[in-house]
Amino acid sequence: VFKRFVEIGRIAFISFGPHAGKLVAIVDVIDQNRALVDGPCSGVRRQAMPFKCMQLTDFVLKFPHSARQKCVRLAWEKENINQKWAATRWAKKIAAREKKAKMTDFDRYKVMKAKKMRNRIIKHEMKKLQKMSSKKVKKPEKAQKSEKVQKAQK
Amino acid sequence: MAGEKKPSEKAPSEKKPGKKKPAEKKPAEQKPGQKEGGEKKKKVKRHHASRNPVLARGIGRYSRSAMYARKALYKRKYTAPETKIEKKKKEKPRATITKPVGGDKNGGSRVVKIRKMPRYYPTEDVPRKLLSHGKKPFCQHKRRLRASITPGTVLILLTGRHRGKRVVFLKQLGTGLLLVTGPLAINRVPLRRAHQKFVIATSTKVDISGVKIPKHLTDAYFKKKRLRKPKHQEGEIFDTEKEKYEITEQRKTDQKAVDSQVLARIKQVPQLRGYLRSTFCLSNGVYPHKLVF
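Residues numbered from 1 in each chain as written. Chains lettered and ligands numbered in written order. Predicted model: local features only at pLDDT ≥ 70, side-chain atom pairs only at ≥ 80, totals over all residues. Heavy atoms only, no water.

Per an unreviewed UniProt entry, the recorded name for chain B is 60S ribosomal protein L6, and the organism is Brachypteracias leptosomus. Under the UniProt heading Subunit (unreviewed entry), the note attached to chain B is "Component of the large ribosomal subunit. May bind IPO9 with low affinity." Quoted verbatim from the Sequence similarities (unreviewed entry) field of UniProt, the annotation for chain B is "Belongs to the eukaryotic ribosomal protein eL6 family." (UniProt positions renumbered as here; feature names shortened; annotations may be inferred.)

For chain A, an unreviewed UniProt entry supplies the name Large ribosomal subunit protein eL14 and the organism Brachypteracias leptosomus. The UniProt entry for chain A carries this comment under Sequence similarities (unreviewed entry): "Belongs to the eukaryotic ribosomal protein eL14 family."

Printed below as a string of C-alpha cells:
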C-alpha cells in the first residue's frame, strides 16, 4: 500500500514554506512531527523541518543517521540526485507549470497557432483513417446489399 | 642668561627686516611700472581697526550717531553713476500719439492717449485672490511615461474604434499622448494618438532604433479640426460642420513613410505579423490580473 517511507536518506520535496520547491535529504527524526533535514546541493541549511511540508520522493541515499553535511553531500553527488530529479515527470510537470505562468501575450499567440496546426494535422489523419475504415465496411456491405437485391429480384 | 639674550636680540632684529620688506617692496614695485604700482596701491589699503571699543560683548563705547561722526561717513557718501539714470530717462515709452482725422474743418489731427483710463469701474471691488502654489497650466504639466512603454513596444488598445488591436508604439508626443501605428497594412490602424492609461503594454518589443519619424507629426497635426464660421444662419448650422472625415494626401504619404520602415523590422521577427493582425480577447478562465503581458 505504501511505497515511500520516511527513513534516513530519503529525499523529500518541500511543498510550502520558505524553502518551497527544493529537495532535502532526511538526516534524522526528531519526534513525531519533525525531522532533521539537510539539502547541501539544493541550498537548504541543516535544520529541523516538519513532515507536513515535505513530500517524499522515490530517491534514497545511503548514509548513517546524523551524518554531517559533507557525507550527505558526497552521497547526494554520488547518486546524481539533481539530474535524476530533473528527469522525473514530477519535476517536468513543475517546470511546465512555471513556464505556462510566465507566458507573455506573444507566447500565448504562438501556442495558440501551434495547437491549431497540431489539431488540424491530427484531424486530418483521423478523417483519413475513418474514410479507410468506412470504405472497407461499405464495400462488403454494398456487395451484400447488391446480392440481396438480386435475390429479391429473382 | 646669555642664551636668553641672544634669542631676544634676534627677535627684534628679525622683526625689523620683516617690517622693512613690505616698505621696501612698495618703492621697489613702483619703479618698474606706474600702472602696476597704482593698482597695488589700491589693493594694499590698510583697513582701520574698529573705532568702537568693546565694553562688554555686544556693547560698544559709542552710539550710532557718535560712530557716524568718528567714521567720517558725512564725507563718504556715494551715488550711483548718473549715466544709467539718464539712459532710463530717455527710454520712457510714448504716452500719446497724433492720429489723422477726416472731415472738413476738423483740424486734421488729434492727440490720442496710447494707454487710456478704464471705461468701467465695478461697483464692488473684486477681492484679491490669495496666492496659490503649484497650479500650472496644462502646457506646463509634467509628462510621465510608464517604464514598460518604450519605442517599439507592442501595445494593446483598450478603447476607441480600434479596441483589442495590437499596435506598435513609436514615441510620446508633447501633450503626453502616445504616437502609435498599426502598421496600416497589418491591422488598419493608421498613425494615431493613444492615451497611455487606456493601453496595455506587452513585453514584446520591435527594434525601432533606426526608424526616422518625420518631425512634423505633432499634436497639432493630429488635432481634430472644427470649422468656426457661424454667420448666424440658425437653420443651417448642423449642416456646415464636418461630418465625414477625409484622409488627406499628407496623411497617406506620412503613413507610407513610417510604415515602410516599421514593416521591414516586423518581418524579421517570425510570427509577429500574424500576432499584430490578431485581436486581444478574454475567454473563460482567463483573468487579466493573472496574465503576464
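Q: Can you walk me through the overall build of chain B in this structure?
A: Helix and strand counts for chain B stand at 9 helices and 9 strands. Counting over 293 residues, chain B shows a buried share of 21%. At a minimum sequence separation of 6, the contacts of chain B that also span at least 24 residues come to 54%. (Helix = DSSP H or I, 4+ residues; strand = E, 2+ residues; numbered from the N terminus. Buried < 20%, exposed > 50% of the residue type's maximum accessible area, 1.4 Å probe, protein only. Contact = heavy atoms within 4.5 Å.)

Q: How do you make sense of the sheet that holds strand β8 (residues 192–194) of chain B when you look at a structure like this?
A: Strand pairing in a sheet relies on backbone hydrogen bonds. The paired strands run either parallel or antiparallel. Residue and element names in this part refer to chain B. Spatial strand order, β8-β7-β6-β5-β9: 5 strands in an open sheet with antiparallel pairing. Each edge of the open sheet carries a strand with a single partner, namely β8 and β9 (199–205). Strand-to-strand twist of the sheet, defined as the mean angle between neighbouring strand axes without regard to direction, takes the value 45°. Across the face of the sheet, helix α8 (residues 249–268) comes into contact with β6 (166–172) and β7 (178–181) while running at roughly 115° to β6. (Pairing = 2+ DSSP bridges. Axes fitted to C-alpha atoms, helices over the stretch in contact; angles between N-to-C directions.)

Q: Whenever I open this one, a positive patch on the surface confuses me. Can you help?
A: Where like charges cluster on the molecular surface, the positive patch consists of K113, K116, R120, K123 and K127 of chain A together with K267, R273 and R277 of chain B. Ranked by residues supplied to the positive patch, first place goes to helix α4 (residues 105–153) of chain A with 5 residues. In this structure, K113 of chain A sits in helix α4. The class of K113 of chain A is partly exposed, set by a relative accessible area of 34%. (Patch = residues over 30% accessible without salt bridge, like charges linked within 9 Å, V, L, I, M, F, W, Y side chains within 5 Å. Areas by Shrake-Rupley, 256 points an atom, 1.4 Å probe, with all protein chains shown as cover. Salt bridge = Lys/Arg side-chain N within 4 Å of Asp/Glu carboxyl O. Lys, Arg positive; Asp, Glu negative; His and termini not counted. Charge placed at Lys NZ, Arg CZ, Asp CG, Glu CD.)

Q: Which parts of the structure should I look at to understand the side chain of T153 of chain B?
A: Residue placement: T153 of chain B occurs in strand β5 (residues 153–157). Ignoring anything within four residues of it in the chain, the contact list for T153 of chain B reads S148, V167, V168, F169, T202, T204 and K205 of chain B.

Q: Would you mind showing me how to read the layout of surface pockets here?
A: Any empty space left between atoms is shown by rolling a water-sized probe over those atoms. Taken as a whole, the second largest pocket spans an internal volume of roughly 790 Å³. In terms of lining residues, the second largest pocket is bounded by 24 residues, among which M103, R108 and Y109 of chain A together with V286 and L291 of chain B are the most central. When contributions to the lining of the second largest pocket are tallied by element, the ones reaching two or more residues are α3 (89–101) and α4 of chain A. Considering each element in turn, the lining of the second largest pocket owes the most residues, 6 residues, to α4 of chain A. (1 Å grid on protein atoms, 1.4 Å probe; cavity = no way out; pocket = protein on both sides within 12 Å on 5 of 7 lines; lining within 4 Å. Points joined across faces, edges and corners; volume = space filled by probe spheres on them.)

Q: Help me understand the confidence of the model for chain B in this model?
A: Detailed reading of the predicted model is not advised wherever pLDDT is low. Residues and elements named next belong to chain B. This prediction gives chain B a mean pLDDT of 83; 78% of its residues lie at or above 70. The least confident element of chain B, judged by mean pLDDT, is helix α1 (residues 2–30) at 45; the most confident is β5 at 96. Note that pLDDT drops below 50 for residues 1–33; the model gives that stretch 3 contacts with residues more than four away or on any other chain. ipTM for the predicted complex: 0.74, alongside a pTM of 0.65. (pLDDT = per-residue confidence, 0-100.)

Q: Help me understand unusual backbone geometry, please; the structure alone is not making it clear to me.
A: Among all residues except glycine, the phi angle is most often negative; among peptide bonds, the trans geometry is most common. All names here are of chain B. Note that the residue after G182, namely P183, is joined by a cis bond; omega there is -10°. The topology assignment puts P183 in the loop between β7 and α5 (184–187). The phi dihedral of R188 is positive, around 60°, even though this residue is not glycine. Look at R188 and you get exposed, because its relative accessible area is 60%. Unlike most non-glycine residues, Q271 shows phi in positive territory, near 70°. Mapped onto the elements of the fold, Q271 is located in the loop between α8 and α9 (272–277). Overall, Q271 belongs to the partly exposed group, its relative accessible area being 39%.

Q: In this structure, what is going on with α8 of chain B? I would like to understand it.
A: Because each turn of an α-helix spans 3.6 residues, side chains separated by three or four positions in sequence point in the same direction. All names here are of chain B. The first and last C-alpha atoms of α8 sit 29 Å apart over 20 residues, in line with the 28 Å expected at 1.5 Å per residue. When we look at burial in α8, the residues that qualify are D254, Q255, V258, D259, V262, L263 and I266. Where α8 is buried, its residues contact β6, β7, α5, α6 (219–222) and α9. (Expected span 1.5 Å × (residues − 1).)

Q: Explanation requested: a nonpolar patch on the surface in the structure shown.
A: Residues and elements named next belong to chain A. Where nonpolar side chains cluster on the molecular surface, the patch consists of V1, F2 and F5 and spans about 440 Å² of accessible area. By the element assignment, F2 lies in the segment before β1 (10–14). Given a relative accessible area of 66%, F2 falls into the exposed group.

Q: What should I look at first to understand the pattern of salt bridges in this one?
A: Oppositely charged side chains are able to pair whenever their charged atoms sit close together. Residue and element names in this part refer to chain A. If you walk through the whole model with that rule in mind, you get 11 salt bridges over all chains. Between D58 and R4 there is a salt bridge, with the nearest N and O atoms lying 2.7 Å from each other. Placement of D58 in strand β5 (residues 54–60) and of R4 in the segment before β1 is noted, with a sequence separation of 54 residues between them. Classification of R4 by relative accessible area gives partly exposed; the value is 37%. Between K84 and E79 there is a salt bridge, with the nearest N and O atoms lying 3.3 Å from each other. On the accessibility criterion, K84 (37% relative accessible area) is partly exposed. On the basis of relative accessible area, E79 is assigned to the partly exposed category, the value being 33%.

Q: Is there a simple way to explain the packing of aromatic side chains in this structure?
A: In the structure shown here, the tally under the stated rule is 7 aromatic pairs over all chains. Measuring from ring centre to ring centre gives 5.4 Å for F13 of chain A and W90 of chain A, while their planes differ by 55°; the resulting arrangement is tilted. In this pair, F13 of chain A sits in strand β1 while W90 of chain A sits in helix α3, placing the two residues 77 residues apart along the sequence. Given the relative accessible area of 25%, W90 of chain A is considered partly exposed. Relative to Y275 of chain B, the ring of F106 of chain A lies with its centre 4.7 Å away and its plane at 40°, an arrangement referred to as tilted. Here Y275 of chain B lies in helix α9 and F106 of chain A lies in helix α4, a pairing that spans two chains. This pair shows no difference in class: F106 of chain A is buried, exactly as Y275 of chain B is. (Phe/Tyr/Trp six-rings, centres within 6.5 Å; stacked < 30°, edge-to-face > 60°.)

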